[in-house]
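# What the coordinates show
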Amino acid sequence: MNPADASAGPAPNAPVLEASGLSKSFGAVEVLKGIDLAVRAGEVQAIIGENGAGKSTLMKILAGNQPPSRGEIRIDGEAVSFSGPADAESRGIVLVHQEILLAPDLTVAQNIYLGREIGRGMTLDERTMNEGARRAIRDLGGDLDPDIIVSRLSIAQRQLVQIARVLLVPHRIVIFDEPTASLTPHETDALLNVIRAIRRKGVGVLYISHRLTEVKDIADRVTVLRDGRLVASHPADALQPADMARLMVGRDVAKLYPDRHAAETRETVLEVDRFTVPGYAQEASFRLGRGEILGFAGLVGAGRTELMEGLVGLRPGRGSVRLFGRPVRFTDVQASLKAGVAYLSEDRKGKGLLLAKDLVVNLTLASLKQFGGLLRIDRRKEEAALDRAIRDFDIRTGSRTILAGQLSGGNQQKLLLAKMMLLDPKVVIIDEPTRGIDIGNKEQIYYFIAALAGEGRAIVVVSSEMPELIGICDRILVMRSGRIVGEVAGERMTENEIVQLATGVTAGEAA
């Protein structure tokens, strides 16, 4: 053998990371079935599929978080077996998790450098770490004080911190699992530019997203999983978002949004006048009609979520609120639920569901009086309610006894909807209804929301996705810096109009 041949590295354009026949079972349930995959340097490969298709499980195996049940992983053609994520990181494979994995009581800088602190003699070099953290966040298009405690940040801001932390590690392959699910369009554009920059450096990227236009924009190759199997892999320029959706769900998704009829004169259900949530929202006034879907748009930090939390008693607030013409003041969320106002949090995993409890417990917890109360619960009645929820909201689960945390994101959201509908609310406030949810489940949730409005319930939808608001709402209110700055409806309900109100920049000024 020629010595030069022995020292030669992988062939040009050879895969950096390969998976061959990867399978994963949890008990008797096989969630991945013989996946073959290859990722090359300088390539962005999108992995798409419905919730529950196996995407996150595959990524966790490739990043060393879980071992495969069968199959092989190769780096530069050499078979490897990761002892854990630190082992994978040492070989250049890093994962940006979908879940926020930060220490909430530490600062931004402390989280970014946790486990890799910079020392100066016997002490920590906090100045250098703060400067590095500020620079890392700025590179992602953000602007955060590195001294701020993470628990004070929004979900989108926490995601930026998590991405910045991961990208500090020397990397050859970066795996992004739904990185833009909680980001604004501006933050998403900044992150996509970061990904383009690391691609130019020869880094390979595996990218999971349910936002198919985003996939079309960033990916070189699109690989589709369905029911744990790899069903297609094509160059991105050969696919349109509609083609991707069809491959994901195995059918045409021709009409994503339900028809909405022209608004009629509606009975006013909720009147909010000059309502303030100190530090977040100022003097917000709006009206909501019976059977209406009212959208709230705005950039992260505009105060939309905090305004809703103040209205239902999750935050202190002051101002005038009338429900069916009668003055109300909710000091806690139980009071608002009792009055018929239900709030579905944007953080369904942290605040909406008990992930370590089964489906029945999650479904009936907020309405236990219907099932006999705390001391004596009618289990048969509970099981019948779960039957109806699974049927009416199409909650797809292999077993009725699994934990809520084992459901896919789309099915968790359906369970949360079913839970709140047991209370028969007259007003339903839904914050980020489809965050982290695939297109098939999105379609279902939009039709569920339209059906609730069709039953005469008054609906508020808070969303960072402008097409979503435009597709399902009758009117959209736009917030900026804690204030409602405008309303769009009819022909004015366009992304351009919303962006101008949300940013305060007119089309002429932007030019």
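Preceding block: the structure.
I will try to describe carefully the structure that is included in this document. Note that the structure is a prediction, hence the values are computed from the model and not measured. (Residues numbered from 1 in each chain as written. Predicted model: local features only at pLDDT ≥ 70, side-chain atom pairs only at ≥ 80, totals over all residues. Heavy atoms only, no water.)

### Thoughts on the overall build of the protein chain
Secondary structure assignment for the protein chain yields 19 helices and 22 strands. Projected onto the principal axes, the alpha-carbon positions of the protein chain cover approximately 90 × 55 × 50 Å. Split into buried and exposed, the 511 residues of the protein chain put 51% on the buried side. Counting every atom, the protein chain has about 23,400 Å² of accessible surface; 49% of that belongs to carbon and sulfur. Measuring between centres, the 65 positive side-chain charges of the protein chain sit 4 Å from its 65 negative side-chain charges. (Helix = DSSP H or I, 4+ residues; strand = E, 2+ residues; numbered from the N terminus. Buried < 20%, exposed > 50% of the residue type's maximum accessible area, 1.4 Å probe, protein only. Areas by Shrake-Rupley, 256 points an atom, 1.4 Å probe, with all protein chains shown as cover. Lys, Arg positive; Asp, Glu negative; His and termini not counted. Charge placed at Lys NZ, Arg CZ, Asp CG, Glu CD.)

### Thoughts on the packing of aromatic side chains
The description of an aromatic ring pair rests on the distance of the ring centres and on the angle between the ring planes. Tallied over the full model, the rule gives four aromatic pairs. For the ring pair F176 and Y207, a centre distance of 6.2 Å and an interplane angle of 55° mean the geometry is tilted. You can see F176 sitting in strand β9 (residues 173-177) and its partner Y207 sitting in strand β10 (residues 204-208), a full 31 residues away along the chain. Plain terms: the ring middles of Y257 and Y446 are 5.0 Å apart, the flat faces sit at 35° to each other, and that makes the pair tilted. Taken together, the residues Y257 in the loop between α9 (241-249) and β13 (268-277) and Y446 in helix α16 (residues 439-454) connect sequence positions 189 residues apart. The class for Y257 is partly exposed, based on a relative accessible area of 22%. Of note, K381 hangs over the ring of F371, and the distance from its end group to the ring centre comes to 6.0 Å. (Phe/Tyr/Trp six-rings, centres within 6.5 Å; stacked < 30°, edge-to-face > 60°. Lys NZ or Arg CZ within 6 Å of the ring centre and 35° of its normal.)

### Notes on the pairing of strand β18 (residues 341-344)
Alternating positions in β18 separate into two faces, V341 and Y343 on one and A342 and L344 on the other, with burial throughout. Both β18 and strand β19 (residues 427-431) contribute to a ladder of four bridges, which runs parallel. The residue bridging A342 from the neighbouring strand is V428, located in β19. (Pairing = 2+ DSSP bridges.)

### Quick notes on the side chain of E178
By secondary structure assignment, the location of E178 is in the loop between β9 and α7 (185-200). No salt bridge is formed by the buried E178; the nearest opposite charge belongs to K55, separated by 5.7 Å. Among all residues touching E178, those that are not within four sequence positions of it are Q98, Q159, I208, S209, H210 and G436. (Salt bridge = Lys/Arg side-chain N within 4 Å of Asp/Glu carboxyl O. Contact = heavy atoms within 4.5 Å.)

### Brief notes about the sheet that holds β18
Reading across the sheet, the six strands line up as β18-β19-β20-β15-β21-β22 and stay open at both edges, with mixed pairing between neighbours. The open sheet has two edge strands, β18 and β22 (483-489), and neither has a second partner. On average, each strand axis in the sheet is tilted by 20° relative to the strand beside it, whichever way the strands run. Packed onto the sheet, helix α10 (residues 304-311) meets β15 (293-297), β18, β19, β20 (458-462) and β21 (475-480) and runs at close to 130° relative to β15. Helix-sheet contacts for helix α15 (residues 409-421) involve β18 and β19, and the interaxial angle to β18 is about 165°. (Axes fitted to C-alpha atoms, helices over the stretch in contact; angles between N-to-C directions.)

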